[in-house]
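# Topology and contacts: notes
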Amino acid sequence: MAVETPAPEDTRAVAGRLAELLRPGDLVALVGPLGAGKTCFVQGLAEGLGITGPVTSPTFVLMRLHRGATPLCHVDAYRLSGAEELVDLGFDDWLQESVVALEWADTVCDALPPERIEVLIDYAVEGRVLRLRGIGPRSARIIERMKSDDDPRD
Ligand SMILES: Nc1ncnc2c1ncn2[C@@H]1O[C@H](COP(=O)(O)OP(=O)(O)O)[C@@H](O)[C@H]1O
Ligand SMILES: [Mg+2]
């Protein structure tokens, strides 16, 4: 599904709706240029998962775990050497215990499980455009749900 978000709070609101459908083991793979709004989207995820407290870019710490009813593991692959380093850091363990939001997912393709939600963020004339795609059966169902929630005929 594609949705235009004129302002940061719109991006956070879309993420908040997605968050309601997530549980530990789900991966949100974020792709988009610097400043597109990947961290902004993760802030919306955190809010939707009921996590309080600030969510800032984990570029330098690589990973930050936000505790809550549904824990959120926020990862930034920007400074990683590649997929292997992500796996060495414990990527699979994080995914066992939490929802994982991964910025710069395209730089670590080889480490990504086949089941994931891809969020592509790009600049638009006004604000941003978000493209959400469910890869794998569970993720596809989640995106279908978001789409039908969007449809006033349902
Ligand atoms: N529609 C929008 N959605 C998301 N962020 C937006 C939007 N419009 C403006 N912004 C701004 O763009 C910046 C996005 O920064 P950030 O989320 O850190 O990007 P990234 O993590 O992709 O590098 C923020 O300063 C945010 O306020
Ligand atoms: Mg960021």
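An account of the accompanying structure is given in this report. This structure is a prediction, so every number in the text was calculated from the model and none was measured.

## Structural notes on the overall build of the protein
- The secondary structure content of the protein amounts to 5 helices and 7 strands.
- Shown N-terminal to C-terminal, the secondary structure of the protein runs as helices and strands in the order β-α-β-α-β-β-α-α-β-β-β-α.
- Taking 154 residues into account, the globule formula puts the C-alpha radius of gyration at 15 Å, and the protein, at 14 Å, falls close to it.
- Overall size of the protein, expressed as C-alpha extent along the three principal axes, is 45 × 30 × 30 Å.

## Some thoughts on the site of ligand 1
- In the vicinity of ligand 1, 15 residues are found, and the nearest of them are T5, T11, G35, K38 and C40.
- Between A7 and ligand 1, the recorded distance is 3.4 Å, taken from a backbone N or O atom to a nitrogen atom.
- Here an oxygen atom of ligand 1 sits 2.8 Å away from a polar atom, N or O, in the main chain of G35.
- In isolation ligand 1 offers 570 Å² of accessible surface; the protein chains occlude 69% of this area.
- The residue inventory of the shell around ligand 1, partitioned by class, reads 7 nonpolar, 5 polar and 3 charged.

## Regarding helix α2 (residues 38-48)
- Of all the 11 residues making up α2, 8 are buried; the element is thus mostly covered by neighbouring parts of the structure.
- Every buried residue of α2 is listed here: K38, T39, C40, F41, V42, G44, L45 and A46.
- G50 occupies a position one or two residues after α2 and carries a positive phi of about 80 degrees.

## Some thoughts on the coordination of the magnesium ion (ligand 2)
- Each protein donor to the magnesium ion (ligand 2) is listed here as T39 (OG1) and E103 (OE); together their distances run 2.2 Å. Highlighted residues: T39 in helix α2 and E103 in strand β5 (residues 99-103), separated in sequence by 64 residues.
- A relative accessible area of 18% places T39 in the buried class.

## Considerations on the nonpolar core
- L18, F41, L45 and L132 are the most contacted members of the largest nonpolar core, which has 28 residues in total.
- Looking at this core, the elements with two or more residues in it are α1 (8-19), β2 (27-31), α2, β5, β6 (116-123), β7 (128-135) and α5 (137-150).
- Every residue in contact with L18, bar those within four places of it in the chain, is listed here: V28, F41, L45, I117, L132, I142, I143 and M146.
- In this structure, L27, L80, V100 and V108 belong to the second largest nonpolar core, which totals 20 residues.

How each quantity is defined
Position numbers for residues count from 1 along each chain, tracking the sequence in the order it is written. Chain A is the first chain written and ligand 1 is the first ligand written, with later ones labelled in order. Confidence filtering applies because this is a predicted model: local features only for residues at pLDDT of at least 70, side-chain atom pairs given and counted only at 80 or more, and all residues used for totals across whole chains, interfaces and linings. Side-chain calculation: all heavy atoms of the structure are included, whereas hydrogens and water are not. Secondary structure elements follow DSSP: runs of H or I no shorter than four residues count as helices, runs of E no shorter than two count as strands, and numbering proceeds from the N terminus. Atoms counted for the radius of gyration: C-alpha only. Globule rule: 2.2 Å times residue count to the power 0.38. Near, as used in this document, describes a residue that has one of its heavy atoms within 4 Å of the molecule or strand being considered. The term polar contact refers here to a pair of N or O atoms within 3.5 Å; inside protein, the definition further demands a hydrogen-donor-capable atom paired with an acceptor-capable atom, and it admits residues adjacent in sequence only when both atoms are side-chain atoms. Here the accessible surface of atoms and residues is derived via Shrake-Rupley with a 1.4 Å probe, and residues count as covered only by protein chains that are part of the display. For this classification, the nonpolar set comprises Ala, Val, Leu, Ile, Met, Phe, Trp, Tyr, Cys and Pro, the charged set comprises Asp, Glu, Lys and Arg, and every other residue, Gly included, is treated as polar. Throughout this description, buried means an accessible area under 20% of the type-specific maximum (1.4 Å probe, protein chains only), exposed means over 50%, and partly exposed covers the range between. Metal-coordinating donors are taken as N, O and S atoms lying within 2.8 Å of the metal, or within 3.2 Å when the metal is Na, K or Ca; because water is left out, some sites can appear incomplete. By nonpolar core is meant a set of buried Ala, Val, Leu, Ile, Met, Phe, Trp, Tyr and Cys residues that side-chain atoms within 4.5 Å join together. In this description, contact between two residues means that some pair of their heavy atoms is separated by no more than 4.5 Å.

Take it as geometry only, folks, not as evidence of what the structure does.
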